[in-house]
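The lines below spell out each chain.
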Amino acid sequence: MPSTDLLVAFALATLAFAAFPGPALLYTAAQTLARGRRAGFMAVLGIHVGCYVHVVAATLGLSAILRHVPEAYVALKIAGAIYLVWLGISMVRRKDDDQALGVVAPKSARRAFIESVIVEVLNPKVALFFLAFLPQFVDPAASAPVWLQFLVLGIIVNFTFSSADIVTVFAASTIMRRLSASSLGQRIVRYLGGSILVGLGLKLATDRN
């Protein structure tokens, strides 16, 4: 494996990225606000599972395609943005009686998981992040092969980021419980969650990086 100095730098950088409030944290907060804690946890699991697609792609060198073929990057980005906007609008349009106070149907939680896997897989920025981040901490002279270092470091990053997402779910669910004491509060959290998703989709679509 990489040297101790590289591993320490890797750990510090990973923790810094995990603590920074990025799109994944906002997304899990939106799912939690709109659907409850259980759906929030399923969203975290979905993002975690979807992230492995990017980890494996970076390990196999497939993510480089997005860097060298701009058309593929743009197509994936637009698809992801449209899907996020559609999810946000769907949340806003959902009727109040679809979600009882403090109770989320298993179907809704499963839907949150599936949606989150798709959202993560369709986000090319995640692929480019791993492609740019992991090589800085891979040591070609180490006893472990490079592909294995990529895979192990990617898994560690994924678990670290998911831990931060879980903290976000707890925080968002506390806010949701306080606001959901009335039908007006339910509409507020639903509109807030949907608006966050629409905003994330628009940002992804218009971001030039």
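For the structure, check the block above.
Predicted model, so just to flag it, every value in this text is computed and none were measured.

**Looking at the overall build of the chain**
Reasoning step 1: Secondary structure assignment for the chain yields 9 helices and 0 strands.
Reasoning step 2: Listing every helix and strand of the chain by position from the N terminus yields α-α-α-α-α-α-α-α-α.
Reasoning step 3: Long-range contacts, defined as pairs at least 24 residues apart, comprise 86% of the intrachain contacts of the chain with a sequence gap of at least 6.
Reasoning step 4: In the structure as shown, the chain presents an accessible area of about 10600 Å², 71% of it carried by carbon and sulfur atoms.

**Thoughts on helix 2 (residues 23-35)**
Reasoning step 1: Taking 1.5 Å per residue as the helical rise, helix 2 with its 13 residues ought to reach 18 Å, and the 18 Å between its terminal C-alpha atoms agrees with that figure.
Reasoning step 2: Of all the 13 residues making up helix 2, 10 are buried; the element is thus mostly covered by neighbouring parts of the structure.
Reasoning step 3: Residues Leu25, Tyr27, Thr28, Ala29, Ala30, Gln31, Thr32, Leu33, Ala34 and Arg35 constitute the buried set of helix 2.
Reasoning step 4: The first or second residue beyond helix 2 is Gly36, which carries a positive phi of 105 degrees.

**Brief notes about the environment of Gly154**
Reasoning step 1: With respect to the helices and strands, the residue Gly154 is situated in helix 8 (residues 146-179).
Reasoning step 2: Note on Gly154: relative accessible area 0%, which makes it buried.
Reasoning step 3: Spatially, the C-alpha atoms of Gly154 and Thr59 are 8.5 Å apart, while their sequence positions differ by 95 residues.
Reasoning step 4: In contact with Gly154, other than residues within four places in its own chain, are Val55, Phe130 and Leu134.

**Overview of the packing of aromatic side chains**
Two aromatic rings are characterised by how far apart their centres lie and by the angle between their planes.
Reasoning step 1: Taken as a whole, this structure holds 10 aromatic pairs when the rule is applied.
Reasoning step 2: Judged by centre distance (5.4 Å) and plane angle (70 degrees), the ring pair of Phe129 and Phe130 falls under edge-to-face.
Reasoning step 3: Residues Phe129 and Phe161 carry aromatic rings whose centres are separated by 5.9 Å and whose planes lie at 40 degrees to one another, so their mutual orientation is tilted. Placement of Phe129 in helix 7 (residues 124-133) and of Phe161 in helix 8 is noted, with a sequence separation of 32 residues between them.
Reasoning step 4: By relative accessible area, Phe161 is classed as partly exposed at 22%.
Reasoning step 5: Put simply, the rings of Phe10, Phe17, Phe129, Phe130, Phe133, Phe137 and Phe161 pair up and form one aromatic cluster.

**So, the nonpolar core**
Reasoning step 1: Ranked by internal contacts, the top residues of the largest apolar core, which has 15 residues, are Tyr27, Tyr83, Leu84, Leu87, Val119, Leu197 and Leu200.
Reasoning step 2: Elements supplying a minimum of two residues to this core: helix 2, helix 3 (37-60), helix 5 (70-93) and helix 9 (183-206).
Reasoning step 3: A total of 5 residues in this core trace back to one element, the largest contributor, which is helix 5.
Reasoning step 4: Those residues in contact with Leu200 that lie beyond four places of it in its chain are Pro23, Leu26, Tyr27 and Leu84.
Reasoning step 5: Residues Ala58, Phe130, Leu134 and Val157 belong to the second largest nonpolar core, which totals 14 residues.

**What about the packing of helix 5 against helix 7?**
When two helices pack together, their arrangement is given by the angle between their axes and by how far apart the axes lie.
Reasoning step 1: Two elements in contact, helix 5 and helix 7, have axes whose closest approach is 8 Å; the angle formed by their N-to-C orientations is 130 degrees. In terms of orientation, helix 5 lies oblique with respect to helix 7. Of the residues in helix 7, those in contact with Tyr73, Leu76 and Lys77 of helix 5 are Pro124, Lys125 and Leu128.

**What about the environment of Ser63?**
Reasoning step 1: Tracing the chain through its elements places Ser63 in the loop between helix 3 and helix 4 (64-68).
Reasoning step 2: Sequence-wise, Ser63 and Phe129 are 66 residues apart; in three dimensions their C-alpha atoms are separated by 9.5 Å.

**Some words on the environment of Leu62**
Reasoning step 1: Take Leu62: it is sitting in the loop between helix 3 and helix 4.
Reasoning step 2: Residue class for Leu62 comes out partly exposed when judged on its relative accessible area of 47%.
Reasoning step 3: For the pair Leu62 and Ala127, spaced 65 residues apart in sequence, the C-alpha to C-alpha distance is 9.1 Å.

**Focus: the pattern of salt bridges**
Reasoning step 1: This structure, assessed with the given rule, holds 3 salt bridges.
Reasoning step 2: We note a salt bridge from Arg35 to Glu115, for which the minimum N-O separation is 2.8 Å. Here Glu115 lies in helix 6 (residues 106-121) and Arg35 lies in helix 2, a separation of 80 residues in the sequence. We note that Arg35, like Glu115, is buried.

Criteria and thresholds
- Residues numbered from 1 in each chain as written.
- Predicted model: local features only at pLDDT ≥ 70, side-chain atom pairs only at ≥ 80, totals over all residues.
- Heavy atoms only, no water.
- Helix = DSSP H or I, 4+ residues; strand = E, 2+ residues; numbered from the N terminus.
- Contact = heavy atoms within 4.5 Å.
- Areas by Shrake-Rupley, 256 points an atom, 1.4 Å probe, with all protein chains shown as cover.
- Expected span 1.5 Å × (residues − 1).
- Buried < 20%, exposed > 50% of the residue type's maximum accessible area, 1.4 Å probe, protein only.
- Phe/Tyr/Trp six-rings, centres within 6.5 Å; stacked < 30°, edge-to-face > 60°.
- Core = buried A, V, L, I, M, F, W, Y, C linked by side-chain atoms within 4.5 Å.
- Axes fitted to C-alpha atoms, helices over the stretch in contact; angles between N-to-C directions.
- Parallel < 35°, antiparallel > 145°, perpendicular 65-115°, else oblique.
- Salt bridge = Lys/Arg side-chain N within 4 Å of Asp/Glu carboxyl O.

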